[in-house]
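A structural walkthrough
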Amino acid sequence: MRLKPFPTFFALFCLPGLAAAGEKTVYGLNEYAALDGINLEVAAKLDTGAKTASLSARDIKRFKRNGESWVRFYLAIDKAHSHPIERPLARVSKIKRRAGDYDPEEGKQYTARPVIELDICMGAAMRSIEVNLTDRSAFQYPLLIGSEALKRFDALVDPSLKYAAGKPACAIAAHTAE
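None of these values were measured; they are calculated from a predicted model. (Residues numbered from 1 in each chain as written. Predicted model: local features only at pLDDT ≥ 70, side-chain atom pairs only at ≥ 80, totals over all residues. Heavy atoms only, no water.)

1. Topic: the overall build of the chain
Stated precisely, the cut-off is as follows: Helix numbers and strand numbers start at the N terminus; a helix is a DSSP run of H or I with at least 4 residues, a strand a run of E with at least 2. Using a 1.4 Å probe on the protein chains alone, a residue whose accessible area is under 20% of its type maximum counts as buried, one over 50% counts as exposed, and one in between counts as partly exposed. Note on definitions: a residue-residue contact is assigned when non-hydrogen atoms from the two residues lie within 4.5 Å. Only the protein chains shown count as cover for residues, with accessible areas throughout obtained via the Shrake-Rupley method and a probe of 1.4 Å.
Along the backbone of the chain there are two helices and 11 strands. Counting from the amino terminus, helix and strand elements in the chain follow one another as α-β-β-β-β-β-β-β-β-β-β-α-β. In the chain, which comprises 178 residues, the proportion classed as buried is 34%. Pairs at least 24 residues apart make up 60% of the contacts formed inside the chain by residues separated by at least 6 positions. On the chain, roughly 11100 Å² of surface is accessible, and the fraction owed to carbon and sulfur atoms is 54%.

Following this line, the structure appears as structure tokens:
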């Protein structure tokens, strides 16, 4: 039997791409995520169409500590989260407003959101990601994980699956409540 050169060459060319896909973790449209340092597990929506990750927060205030910018906020998840959380401010992001959010009289097409670094565990993977803070209490999922964070998780998202990674199983050090 004689092999045809083009199909053989094409198959060899594609093998490295298949190997790279094999190293990625398949996650579902929704996953459980443990927020390290906050001692909380939440349901998250994985959204490849969003660039950044967002955590539901309220009463967000920026302040200075030892000359550094910090942010204080409360989780906007339920009434049980009544203690403030303080984290260093990583940066301020400009998020494009939706059509329903846009006020032509105000003239701003973007909203500024504080961004913090947060260690998140999904499945057996712990990653430090940037998360912007905004009130997501009107949404079903308090945590949205966008494409930048999904890259850090080496994630492939299968929207036909839910909670494919199971409960977070990272070796998280015990933290006292803040």
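Still more to cover.
2. Some details on the layout of surface pockets
As a reminder, the rule being used: A cavity, in this analysis, means grid points on a 1 Å lattice covering only the protein atoms where a 1.4 Å probe fits yet has no way out; a pocket is instead an open set bounded by protein on both sides within 12 Å along at least five of seven lines, and a residue lines either one if it has an atom within 4 Å of a point. Grid points are joined across faces, edges and corners, and a volume is the space filled by probe spheres set on the points.
Its volume calculated, the largest pocket comes out at about 890 Å³. Around the largest pocket sit 34 residues that line it, and Thr-52, Ser-54, Ile-95, Arg-113 and Asn-132 are the ones nearest its centre. Elements with a contribution of two residues or more to the lining of the largest pocket: strand 4 (53–65), strand 7 (91–96), strand 8 (110–122), strand 9 (125–134) and helix 2 (147–152). Counting residues per element, the lining of the largest pocket draws most heavily on strand 9, at seven residues.

3. A closer look at the side chain of Ser-56
Short version of the rule: In protein, a polar contact requires one atom able to donate a hydrogen and another able to accept it; more generally it is a pair of N or O atoms within 3.5 Å, and residues adjacent in sequence count only if both atoms are side-chain atoms.
Within the secondary structure, Ser-56 is located in strand 4. The buried category is assigned to Ser-56, whose relative accessible area is 0%. A distance of 3.3 Å separates the side chain of Ser-56 from the backbone nitrogen of Ser-137, its partner in a polar contact. If sequence neighbours within four positions are ignored, Ser-56 has contacts with Tyr-74, Leu-75, Ala-76, Ile-77, Thr-134, Asp-135, Arg-136, Ser-137 and Pro-142.

4. A closer look at a nonpolar patch on the surface
Just so we agree on the cut-off: Residues qualify for a patch when their relative accessible area is over 30% and they have no salt bridge, like charges being joined within 9 Å and the nonpolar side chains of Val, Leu, Ile, Met, Phe, Trp and Tyr within 5 Å. Salt bridges, as used here, are contacts in which a Lys or Arg side-chain nitrogen is within 4 Å of a carboxyl oxygen on Asp or Glu.
A grouping of Val-26, Leu-156 and Leu-161 is seen on the molecular surface, where their side chains present a nonpolar patch of about 200 Å² in accessible area. By relative accessible area, which is 35% here, Leu-156 ends up partly exposed.

5. Focus on the nonpolar core
The condition that has to hold: For the purposes of this section, nonpolar cores are sets of buried Ala, Val, Leu, Ile, Met, Phe, Trp, Tyr and Cys residues that join through side-chain atoms within 4.5 Å.
By size, the foremost hydrophobic cluster in this structure holds 29 residues, and its most contacted members are Leu-55, Phe-73, Ile-120 and Leu-143. Listing elements by their share of this core, those giving two or more residues are strand 2 (30–35), strand 3 (40–46), strand 4, strand 5 (68–75), strand 8, strand 9, strand 10 (143–145) and helix 2.

6. Quick notes on the state of the cysteines
The line we're drawing: Cysteine sulfur pairs qualify as disulfides if the two atoms are within 2.5 Å.
Following the criterion strictly, the structure yields one disulfide and no others. Linked covalently through their sulfurs, Cys-121 and Cys-170 form a disulfide whose S-S length is 2.0 Å. Its S-S torsion of about 90° marks the bond between Cys-121 and Cys-170 as right-handed, since a negative value means left-handed. Of this pair, Cys-121 sits in strand 8 while Cys-170 sits in the segment after strand 11 (155–158), placing them 49 residues apart in sequence. Exposure remark for Cys-170: the relative accessible area of 14% places this residue in the buried category.

7. A few points about the environment of Ala-149
With respect to the helices and strands, the residue Ala-149 is situated in helix 2. Along the sequence, Ala-149 and Ala-50 sit 99 residues apart, while their C-alpha atoms lie 10.0 Å from each other.

8. A few points about the pairing of strand 2
Every other side chain in a regular strand lies on the same face of the sheet, so the side chains alternate between the two faces. Let me state the cut-off plainly: A pair of strands is treated as paired once DSSP finds two or more bridges between them.
With respect to burial, strand 2 is a largely interior element, five of its six residues being buried. Bridge count between strand 2 and strand 3: six bridges; the pairing is antiparallel. Bridging from a neighbouring strand, Leu-35 pairs with Leu-40 of strand 3. Between strand 2 and strand 3, which pair antiparallel one after the other, the connecting turn spans four residues, and Gly-37 there sits at a positive phi close to 90°. Examined bridge by bridge, strand 2 and strand 8 share two bridges and lie antiparallel to one another. Paired with Leu-35 across the strands is Ile-120, a residue of strand 8.

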